[in-house]
Amino acid sequence: MSLTLTHPKGLSPSGRRAPARFVAQVARDWALVEEAWTHALASSAATPFQTNAWLRPWFATLGQTDKSEPRFLTLFDRESGQIAAMVPQIITRQHGARIAQFPDAGVSDANAPILGLKAPSDRAGADDLFSAVKAALSDVDLIDWRKMPGLVEGRPNPFAQLAAARRCPTDSFAMTFEGSWDDYKASLKKKVRYDVERGWRVMQGDHGARFVRVSDPETANGLLSWIETCQRARIVTRGQNYTLDDPATTAFYHELLADGIMSGTSIVTAIMAGDEIVAATLAQRRGTTVVFVRLAVAGGDWMKFSPGRVLLYRTMAALHDDGVRTIDFSIGNYAYKRRLGVEPYPLIDLVKPLTWRGAPFAARAAAIHHLRRYPSLDKGIRRVLGIPYQAFDVEVDQE
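These numbers were taken from a predicted model, which means no experiment stands behind them.

**With respect to the overall build of the protein chain**
Within the protein chain one finds 11 helices and 17 strands. Split into buried and exposed, the 399 residues of the protein chain put 48% on the buried side. Long-range pairs, those at least 24 residues apart, make up 73% of the contacts in the protein chain between residues at least 6 apart in sequence. For the protein chain, the exposed area adds up to about 19600 Å²; of that, 52% sits on carbon and sulfur atoms.

**Thoughts on the environment of D206**
Looking at where D206 falls in the secondary structure, it is placed in helix α5 (residues 190-207). Between the alpha carbons of D206 and A273 there is a distance of 9.9 Å; along the sequence they are 67 residues apart.

**Some remarks on unusual backbone geometry**
Phi is positive for S306, which is not a glycine, with a value near 50°. For S306, the location among the structural elements is in the loop between β14 (289-297) and α8 (307-321). For S306, a relative accessible area of 18% puts it in the buried group.

**What about the packing of aromatic side chains?**
A full pass over the atoms with the stated rule returns 21 aromatic pairs. Between W30 and F72, the ring centres sit 5.6 Å apart and the planes meet at 50°, which makes this aromatic pair tilted. Of the two residues, W30 sits in helix α1 (residues 30-41) while F72 sits in strand β2 (residues 68-77), which places them 42 residues apart along the sequence. On the basis of relative accessibility, which here comes to 9%, the residue W30 falls in the buried class.

**Description of the sheet that holds strand β13 (residues 276-286)**
Taken together, seven strands build an open sheet; the order of strands is β11-β12-β13-β14-β15-β10-β16 and the sheet is mixed. Both outer strands of the open sheet, β11 (209-213) and β16 (343-345), are each paired with one neighbouring strand and no more. Neighbour-to-neighbour, the strand axes of the sheet open up by a mean angle of 30°, direction not taken into account. Sheet analysis places β11 next to strand β12 (residues 266-273), joined by five bridges and oriented antiparallel. Note on β12: the bridge partner recorded for R210 is M272.

**As for the pairing of β13**
The side chains of a regular strand alternate, residue by residue, between the two faces of the sheet. In terms of burial, β13 is a largely internal element, 10 of the 11 residues being buried. Looking at chain direction, β12 and β13 are connected through eight bridges and run antiparallel. Considered in β13, the bridge of I267 is made with A283. Note: β13 against β14, eight bridges, orientation antiparallel.

**A few points about the side chain of T74**
Here T74 is to be found in strand β2. For T74, a relative accessible area of 5% translates into the label buried. Those residues within four positions of T74 in sequence are excluded, and the remaining contacts are V23, A24, Q25, W37, I83, A85 and M86.

**Points about the pattern of salt bridges**
Enumeration over the complete set of coordinates arrives at 18 salt bridges. For R71, the salt bridge is made with D139, and the minimal N-O distance between the two is 3.0 Å. Linking R71 in strand β2 with D139 in the loop between α3 (123-136) and β6 (142-149), this pair joins segments that are 68 residues apart in sequence. The buried category is assigned to R71, whose relative accessible area is 0%. Accessibility expressed as a relative area gives 33% for D139, which makes it partly exposed. Residue R285 pairs with D322 through a salt bridge whose shortest N-O separation is 2.7 Å.

**What to know about the confidence of the model for the protein chain**
In the predicted model, the protein chain carries a mean pLDDT of 88, and 88% of its residues have values of at least 70. Taken element by element, the protein chain is modelled with least confidence in helix α11 (residues 375-385), mean pLDDT 56, and with most confidence in strand β5 (residues 114-115), mean pLDDT 98. The low-confidence segment residues 1-14 (pLDDT under 50) makes 11 contacts with residues lying over four places distant or belonging to another chain. When the criterion is pLDDT under 50, residues 387-399 qualifies, and its contacts beyond four places in sequence or with other chains add up to 44 contacts.

Parameters and conventions
- Residues numbered from 1 in each chain as written.
- Predicted model: local features only at pLDDT ≥ 70, side-chain atom pairs only at ≥ 80, totals over all residues.
- Heavy atoms only, no water.
- Helix = DSSP H or I, 4+ residues; strand = E, 2+ residues; numbered from the N terminus.
- Buried < 20%, exposed > 50% of the residue type's maximum accessible area, 1.4 Å probe, protein only.
- Contact = heavy atoms within 4.5 Å.
- Areas by Shrake-Rupley, 256 points an atom, 1.4 Å probe, with all protein chains shown as cover.
- Phe/Tyr/Trp six-rings, centres within 6.5 Å; stacked < 30°, edge-to-face > 60°.
- Pairing = 2+ DSSP bridges.
- Axes fitted to C-alpha atoms, helices over the stretch in contact; angles between N-to-C directions.
- Salt bridge = Lys/Arg side-chain N within 4 Å of Asp/Glu carboxyl O.
- pLDDT = per-residue confidence, 0-100.

And the structure:
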């Protein structure tokens, strides 16, 4: 008769607690991790919003506040010493609770860990990795991670697998080119293809319109300023709250372009008619993936040509020729995305209390999450309480 010895969870045969699978190195200054993270990103998976090209200007502008504290977690696999994940965080204080979040401030459309070579892909590994995060954030009351993709460059996001993870109320939208540009065009509905190509021909023939891909920061910043003006006017006219024109946010986008245009990580394109700007867009690139970040159109008589859709179509064609294979249109359920063949994919929220101080925030998030499943009830409750209602995926014509 043979016996199999078992040990309490987390304990070694000697009775001592087994060493953690992952360990964290914590830094509180971007300058201390920038070089190492730049090197590690070459063999890691990341969204464009967690690259150095995005994080550097973020911490130089939006991160410069006495109301938040940066925290950079590098998680190592204990056995091999290789990186499992890199997790940039901002610690803020709300009503006495310390809350850990990804650097966002309303400008990042996807938040995720940077996945190193040893990032786990299974649920047990995800739990172990999150345990290392909690140990590194031992002074934090709540982890509040929103808008996380389930996959990061095709690899599973461990934190999206955790038991506390919930589907975000809003989806993101993306597409992958499976073949040539002609294959993509053939996949579109005939009327969509006809309208966008005819609109472009008429704008060219009757108005001398031209497609421009910007190669210098000064021109890019000028187009960005135009985008900011148009977006503000459009949103305010609709009676919605516009939040992208505060000084720190404005500084962030212009700082983003300072190096991004020359390095190719930031892409600005436009349709011009003489000196008039008809439409312009800003996108971010990492490898073969591009995500559209901001888009604006001139309006008026130009709208009959759907200039926003035409610009995106021409930009996609140029990016395809440049080797881009995944186009991410980001969050927002807008008609122009569906017309261009883009499909929704879910995002994940993780709101996890680490102490009793974080519990009320998590309870409130859970209640809101549940309420969002019943839009009519949500609107009714907000009406009674006098709280303005704005759906997450408001249909906005950007064309």
